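Tertiary structure, described
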Amino acid sequence: MSEAKRYTGSCLCGGIRYEIHGEIGEIIQCHCQRCRKANGTAFATNAPIQKADFKIVQGEHLLKKYKSTATTDRCFCAECASPIISIKAETPDTYRLRIGTLDTPLEQKPTMHIYAASRAEWDTISDDLPQFDERP
């Protein structure tokens, strides 16, 4: 039996620290307007993780939720505002991890761009990854 992978991550101020004991799914770069606004960047780099694999080991009291749509909660540090995860009502057992908060190096790379039709007019996608106008 193989040992589960273990990843660690934290927010900018270090107030929230988390562990993932399991796989990190397909890394996707999302260009929708909500992701751009929530992250203050041209796109958000996210990957699904299982809720059961995710554990906050420090600063759980700092994790705040913002309901960005009727079905999506965005979770962030109340101190430094680093986005950590999002939770969608239709997939409550799967979180979407903000990859930039990982402290453990990843071997995998992004696999696609979604909502590319909504990308910022000042942004250029300059890799060869598949681009989708919406979520495939």
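Anything mentioned here points back to the structure above.
A few points on the structure.

Thresholds applied
- Residues numbered from 1 in each chain as written.
- Predicted model: local features only at pLDDT ≥ 70, side-chain atom pairs only at ≥ 80, totals over all residues.
- Heavy atoms only, no water.
- 1 Å grid on protein atoms, 1.4 Å probe; cavity = no way out; pocket = protein on both sides within 12 Å on 5 of 7 lines; lining within 4 Å.
- Points joined across faces, edges and corners; volume = space filled by probe spheres on them.
- Helix = DSSP H or I, 4+ residues; strand = E, 2+ residues; numbered from the N terminus.
- Nonpolar A, V, L, I, M, F, W, Y, C, P; charged D, E, K, R; others polar.
- Pairing = 2+ DSSP bridges.
- Buried < 20%, exposed > 50% of the residue type's maximum accessible area, 1.4 Å probe, protein only.
- Contact = heavy atoms within 4.5 Å.
- Axes fitted to C-alpha atoms, helices over the stretch in contact; angles between N-to-C directions.
- Salt bridge = Lys/Arg side-chain N within 4 Å of Asp/Glu carboxyl O.
- Polar contact = N/O pair within 3.5 Å; in protein donor to acceptor, adjacent residues only side chain to side chain.

1. Here's the deal with the layout of surface pockets
Roughly 430 Å³ of internal volume is contained in the largest pocket. Around the largest pocket, the lining comprises 23 residues; the ones closest to its centre are Cys30, Lys88, Arg96, Ile114 and Arg135. Secondary-structure elements contributing two or more residues to the lining of the largest pocket are strand E3 (28–30), helix H1 (33–39), strand E4 (44–50), strand E6 (63–69), strand E7 (72–77), strand E8 (83–88) and strand E9 (94–98). Within the lining of the largest pocket, the residues separate by chemical class into 8 nonpolar, 7 polar and 8 charged. If you go around the second largest pocket, you meet 15 residues; those closest to its centre are Asn39, Pro83, Arg98, Gly100 and Thr101. Residue contributions to the lining of the second largest pocket peak at 3 residues, all from E4. When grouped by side-chain class, the residues that make up the lining of the second largest pocket number 6 nonpolar, 8 polar and 1 charged.

2. Overview of the pairing of E6
Pairing geometry for E6 and E7, over 6 bridges, is antiparallel. Bridge pairing in E7 places Thr69 opposite Thr72. Where E6 folds back onto E7 in an antiparallel hairpin, the turn is made up of 2 residues.

3. Some remarks on the pairing of strand E1 (residues 6–10)
For E1 and strand E2 (residues 17–21), the ladder comprises 5 bridges, and the chain directions are antiparallel. Each bridged residue has a counterpart across the sheet, and for Tyr7 the counterpart in E2 is Ile20.

4. Some remarks on the environment of Thr8
Assignment of secondary structure puts Thr8 in strand E1. Its relative accessible area of 22% is what places Thr8 among the partly exposed residues. Excluding residues within four positions of it along the chain, Thr8 makes contact with Tyr18, Glu19, Leu102, Asp103 and Thr104.

5. Description of the sheet that holds strand E5 (residues 54–58)
The antiparallel open sheet is built from 3 strands, whose spatial order is E1-E2-E5. At either margin of the open sheet sits one strand with a lone partner, and together these are E1 and E5. Sheet twist, expressed as the mean angle between neighbouring strand axes with direction ignored, is 25°. Summarising the sheet, E2 and E5 pair through 4 bridges and their orientation is antiparallel. Its bridge partner lying in E5, Glu19 is registered against Lys55.

6. Looking at the pattern of salt bridges
If you walk through the whole model with that rule in mind, you get 2 salt bridges. Between Arg6 and Glu19 there is a salt bridge, and its shortest N-O distance comes to 2.8 Å. Pair noted here: Arg6 is in strand E1 and Glu19 is in strand E2, with a separation of 13 residues, a long-range link. The exposure class of Glu19 is buried, given its relative accessible area of 17%. Asp73 is paired through a salt bridge with Lys67; the nearest N and O atoms lie 3.2 Å apart. Judged by relative accessible area, Asp73 falls into the buried class, the value being 17%.

7. Examining the side chain of Asp73
Structurally, Asp73 can be placed in strand E7. A polar side-chain atom of Asp73 sits 3.2 Å from a polar atom in the side chain of Lys67. Contacts of Asp73, omitting those with residues within four sequence positions, involve Lys65, Tyr66, Lys67, Ile85, Ser86 and Ile87.

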